[in-house]
Amino acid sequence: LNFHRIVYVSGTVGVSLFFVLSGFLLFFQLYKDKQPLSWPRIKEYTKKRLLRILPLYYFSIIFIVLIFRFDILSLEGGIKTILYNFIFLRDFHPDVATKITINPVYWSLIIEMHFYFILPVFYFIFYKYRSIGWFFALALLGVAYRLLVINIFPNPSMQLLRLTPANVDFFAFGMLGAYLYVQ
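Residues numbered from 1 in each chain as written. Predicted model: local features only at pLDDT ≥ 70, side-chain atom pairs only at ≥ 80, totals over all residues. Heavy atoms only, no water.

Visitor: Mind showing me how you'd approach the packing of aromatic side chains here?
Guide: Here the distance between the centres and the angle between the planes together describe a pair of aromatic rings. Here the structure, examined in full by the defined rule, presents 26 aromatic pairs. Seen in terms of ring centroids, Phe-59 and Phe-63 are 6.0 Å apart; in terms of plane orientation they differ by 20 degrees. Their pairing is stacked. Here the residue Phe-59 and the residue Phe-63 both occupy positions in helix H3 (residues 39–67), the gap between them amounting to four residues, near one helical turn. Overall, the relative accessible area of 40% leaves Phe-63 in the partly exposed class. Through a chain of ring-to-ring contacts, three or more aromatic side chains come together here, namely Phe-27, Tyr-31, Phe-122, Tyr-123, Phe-126, Tyr-127, Phe-135 and Tyr-179. We note Arg-49 situated over the ring of Tyr-116; from NZ or CZ to the ring centre the distance is 5.0 Å. Lying over the aromatic face of Tyr-127, Arg-130 brings its terminal NZ or CZ to 3.8 Å of the ring centre. (Phe/Tyr/Trp six-rings, centres within 6.5 Å; stacked < 30°, edge-to-face > 60°. Helix = DSSP H or I, 4+ residues; strand = E, 2+ residues; numbered from the N terminus. Buried < 20%, exposed > 50% of the residue type's maximum accessible area, 1.4 Å probe, protein only. Lys NZ or Arg CZ within 6 Å of the ring centre and 35° of its normal.)

Visitor: What is the right way to read H3 from this model?
Guide: Because each turn of an α-helix spans 3.6 residues, side chains separated by three or four positions in sequence point in the same direction. The first and last C-alpha atoms of H3 sit 41 Å apart over 29 residues, in line with the 42 Å expected at 1.5 Å per residue. Roughly 30 degrees is the biggest bend found in H3, and it falls at Leu-54, with proline Pro-55 one to four residues downstream. Burial in H3 covers these residues: Tyr-45, Arg-49, Ile-53, Leu-54, Tyr-57, Ser-60, Ile-61, Ile-64 and Val-65. Against the buried residues of H3 lie helix H2 (13–31), helix H4 (78–86) and helix H5 (106–129). (Expected span 1.5 Å × (residues − 1). Bend = angle between axes of the 7 residues up to and from the residue. Contact = heavy atoms within 4.5 Å.)

Visitor: What is the right way to read the packing of H5 against helix H7 (residues 168–182) from this model?
Guide: How two helices pack is summed up by the angle between their axes together with the distance between the axes. Running from amino to carboxyl end, H5 crosses H7 at an angle of 45 degrees, the nearest separation of the two axes being 12 Å. In terms of orientation, H5 lies oblique with respect to H7. For H5 against H7, the interelement crossing comes out right-handed. Touching Ile-111, Glu-112, Phe-115, Leu-119, Phe-122 and Phe-126 of H5 are Phe-171, Met-175 and Tyr-179, all from H7. Considering only residue class, the contact of H5 with H7 consists of eight nonpolar, no polar and one charged. (Axes fitted to C-alpha atoms, helices over the stretch in contact; angles between N-to-C directions. Parallel < 35°, antiparallel > 145°, perpendicular 65-115°, else oblique. Left-handed = near helix turned anticlockwise from the far one by under 90°. Nonpolar A, V, L, I, M, F, W, Y, C, P; charged D, E, K, R; others polar.)

Visitor: So what exactly am I meant to see when it comes to the nonpolar core here?
Guide: Considering soluble globular proteins, one finds that nonpolar side chains tend to be buried as a cluster. Judged by nonpolar contacts, the single largest core of 41 residues is most densely connected at Phe-27, Leu-119, Phe-135 and Met-175. Only H2, H3, H5, helix H6 (133–152) and H7 provide two or more residues apiece to this core. With near-sequence residues (within four places) excluded, Phe-135 lies in contact with Phe-27, Phe-122, Phe-126, Ala-172, Met-175, Leu-176 and Tyr-179. In this structure, Tyr-145, Leu-160, Leu-161 and Leu-163 belong to the second largest nonpolar core, which totals six residues. (Core = buried A, V, L, I, M, F, W, Y, C linked by side-chain atoms within 4.5 Å.)

Visitor: For this particular structure, what's the right way to read the packing of H2 against H7?
Guide: Remark: H2 packs on H7, axes separated minimally by 7 Å, with the N-to-C direction vectors making an angle of 40 degrees. With respect to H7, the axis of H2 lies oblique. When you trace H2 past H7, the crossing you get is right-handed. Along its contact with H2, which presents Ser-16, Phe-19, Val-20, Ser-22, Gly-23, Phe-24, Phe-27, Phe-28 and Tyr-31, the element H7 presents Phe-170, Phe-171, Gly-174, Met-175, Gly-177, Ala-178, Tyr-179, Tyr-181 and Val-182. A per-class count over the contact of H2 with H7 returns 13 nonpolar, five polar and no charged.

Visitor: How should H6 be read in this particular structure?
Guide: If you check H6, its first and last C-alpha atoms are 28 Å apart, about what 20 residues at 1.5 Å a residue would give, namely 28 Å. What H6 keeps buried is the set Phe-135, Leu-138, Ala-139, Gly-142, Tyr-145, Arg-146, Val-149 and Ile-150. Buried residues of H6, seen end-on, are gathered within an arc of 130 degrees and therefore sit on one face of the element. Of the exposed residues in H6, those oriented more than 90 degrees away from the buried face are Leu-140, Asn-151 and Ile-152. (Arc of directions from axis to C-beta.)

Visitor: Help me out: how do you make sense of the pattern of salt bridges in this one?
Guide: Pairing is possible between side chains of opposite charge, provided their charged atoms come close. Applying the stated rule across the entire model yields two salt bridges. The partner of Asp-71 in a salt bridge is Arg-69, with the nearest N and O atoms 3.6 Å apart. The class for Arg-69 is partly exposed, based on a relative accessible area of 23%. Salt-bridge contacts for Arg-146 lead to Asp-169; the nearest nitrogen and oxygen are separated by 2.7 Å. Of this pair, Arg-146 sits in helix H6 while Asp-169 sits in helix H7, placing them 23 residues apart in sequence. When sorted by exposure, Arg-146 lands in the same class as Asp-169, which is buried. (Salt bridge = Lys/Arg side-chain N within 4 Å of Asp/Glu carboxyl O.)

Okay, here's the thing in structure tokens:
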């Protein structure tokens, strides 16, 4: 197997490094005091993440649809496509591999938003059991997903490799780095 396809198949090296950095910074923010998650911490974390992404993301979707992709409004399933992108569920649309994208670069932002919501759950499990094995389990999930897609589909659509499961290992390595840094 080609090592490059296994590691970098879901995007460029720059996006992969961004995911590693994001995993490091966000996990570090939660773990630096080695405290469990409380509802006030979860609310503050969620508020910060949503305010950072949603206003510009929603504005850009509306802008792109009205200025560059007005045709999507008249296409069969066009409104559904907009909705799936609006609520970050593009990965769950049945046509994800073909025609769901409003703007091709949104795939990485949608994965980042999924990570924002996965992180508190992961942190809760990690904090409860305090095992670095959880980082490796998450990393293995990403690599296993890419291997599965590459081996099942001879020429997989890049969209299938730009889904959240294909990128969780990058976040896991960043979180592992934050954990080791705090230790």
